[in-house]
Structures are given as structure tokens and as C-alpha cells.
Amino acid sequence: MIDHLLGLILQVRAALPVKHSTRTKATFYASKFEDRVMANGRVYHSLEYSVACNFYPLGTLVSITTEDGKREIVARVTDRKKTSTSIDLSESAYRALGLSEEAGWGWVTMDLVKENK
């Protein structure tokens, strides 16, 4: 199942041109944000792949890859951050990337998949 999903992600990514790539520090939302309203007006759920950033418009699909290139997810920009130098991932997105929960952050590369206009 995971291999099938990864294959679909890679097909979508290959079909759409990548316009911008950003290396950034990724952290994850604290559990206290569960069920709170995000900037896009929807309620945050830690099980959904979502990202808070200031690089792209709300609703934009982005591909997030670990620094070693071994893991990749596709998430939607759903929220904004007070600082523009990093991103916040939903807890499930952070764990899917295998980033250090002990450190609480990790380096990732974020690429545009489909911009929301």
C-alpha cells in the first residue's frame, strides 16, 4: 500500500513542473493545536499531512523530502507561521519523514507541486 502511494506521489510530482525548491528547517505542531482553526479556515488534525509556511499561498501542494532524499511526502499548505525561516508539519507528516522526535526538528527540501491560485 505504501509503495503504491509513493508511486502515485512520484507520478503526480513528475507530471507537474517544479518551480521552486527551498531547503528549510522543519518542526512539528505541538499537540495543543489539535482541533484549532488554521489560517485556511479549516480545523487542524494531526493525522492529515499539512504544513504551515510563508513561502507559498494557502492551499498549495508541496513535496517535502528529507535531507538524505530517502523519504518524501506531499502535503498541503494550510497555515502560516510567525517566522518565515522554517516550516511546521503536522505530526503525522513529520513522523512519515522519519525526522528526529527527540531533536524536534530536521532539515528538509520543499518543492512546489501545484500552486493554489
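Quick note: structure is the one above.
Treat the numbers as computed from the prediction; the structure is a model and nothing was measured.

1. What about the pairing of strand β1 (residues 21-28)?
At step 1: Here six bridges tie β1 to strand β6 (residues 106-114), and the two strands are oriented antiparallel to one another. Looking at the pairing, Arg23 lines up with Thr109 of β6.
At step 2: As defined by bridge partners, β1 adjoins strand β5 (residues 86-89) across four bridges and the pair is classed as parallel. Each residue of the ladder has a partner; that of Phe28, found in β5, is Leu89.

2. Let's talk about the environment of Phe33
At step 1: Summarising the element assignment, Phe33 is placed in the loop between β1 and β2 (50-52).
At step 2: Residue classification places Phe33 among the partly exposed positions, given a relative accessible area of 30%.
At step 3: The sequence separation of Phe33 and Ser46 amounts to 13 residues, and the corresponding C-alpha distance is 8.6 Å.

Criteria and cut-off values
- Residues numbered from 1 in each chain as written.
- Predicted model: local features only at pLDDT ≥ 70, side-chain atom pairs only at ≥ 80, totals over all residues.
- Heavy atoms only, no water.
- Pairing = 2+ DSSP bridges.
- Helix = DSSP H or I, 4+ residues; strand = E, 2+ residues; numbered from the N terminus.
- Buried < 20%, exposed > 50% of the residue type's maximum accessible area, 1.4 Å probe, protein only.

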